[in-house]
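# Understanding the architecture of this molecule
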Amino acid sequence: MVTALVVDDSKLMRDFISNTLSRSGYSIIHATNGLEAIDRYRNNPVDVVVLDIVMDEADGLEALKGIREYDPHAKVVMCSSMSYKLLVLEAVKMGASDFIAKPFKAEDLLEAVNKCVSGKVEKTIDNY
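Residues numbered from 1 in each chain as written. Predicted model: local features only at pLDDT ≥ 70, side-chain atom pairs only at ≥ 80, totals over all residues. Heavy atoms only, no water.

Among the 6 residues in strand β4 (residues 76–81), 5 count as buried, and that is most of the element. Summarising the sheet, strand β3 (residues 48–52) and β4 pair through 4 bridges and their orientation is parallel. Across the sheet, the residue bridging to L51 is M78, located in β4. Once the chain exits β3 it traverses helix α3 (residues 60–70) before rejoining the sheet at β4, and the crossover so formed is right-handed. Relative to strand β5 (residues 98–102), β4 runs parallel, the two being bridged by 5 bridges. The residue of β5 that forms the bridge with S80 is A101. (Buried < 20%, exposed > 50% of the residue type's maximum accessible area, 1.4 Å probe, protein only. Helix = DSSP H or I, 4+ residues; strand = E, 2+ residues; numbered from the N terminus. Pairing = 2+ DSSP bridges. Right-handed = clockwise from strand over helix to strand, strands pointing away.)

What follows is the structure, given as structure tokens:
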């Protein structure tokens, strides 16, 4: 079973992402901020991370940095509003595997996560 770490400070968004992925067979681990994300990633076998950018206590960029320092091959799908385009670009430069803009549909989320897990992400920084 593929395990996803879902990181978002919004319970509504965490639940939406978790429910979408679990209906497709993913096992889910949750975190509510970047510090928890780093801790959960280090202490649990995780295949993919779905990571919000804007959060308290440590944002998604800080979490991405901590996760990538621990595992340079971590597969991370960033998600946030496109109003944070500069942060999205920074996340991609820092090694995020992909980005999905909020609000998104369940099928778009699943497509992005499945591509990330399979290693078939085709996006480059020029796509943003």
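Next comes the rest of the description.
This paragraph deals with the environment of P72. Considering the arrangement of structural elements, one finds P72 in the loop between α3 and β4. Sequence separation of P72 and G95 is 23 residues, and the distance between their C-alpha atoms is 8.3 Å.

In total, this model carries 2 aromatic pairs according to the counting rule given. Each ring, one from F16 and one from F104, has its centre 6.0 Å from the other, and the planes form 45 degrees; the classification is tilted. Remark: F104 occurs in the loop between β5 and α5 (106–118) and F16 occurs in helix α1 (residues 11–23); sequence separation between them is 88 residues. The exposure class assigned to F16 is partly exposed, which follows from its relative accessible area of 31%. Here the aromatic rings of Y41 and Y70 are separated by 6.2 Å at their centres, their planes lie at 85 degrees, and the arrangement is edge-to-face. Of the two residues, Y41 sits in helix α2 (residues 34–43) while Y70 sits in helix α3, which places them 29 residues apart along the sequence. A residue is classified by how much of its surface remains accessible, and Y41, at 8% relative accessible area, is buried. (Phe/Tyr/Trp six-rings, centres within 6.5 Å; stacked < 30°, edge-to-face > 60°.)

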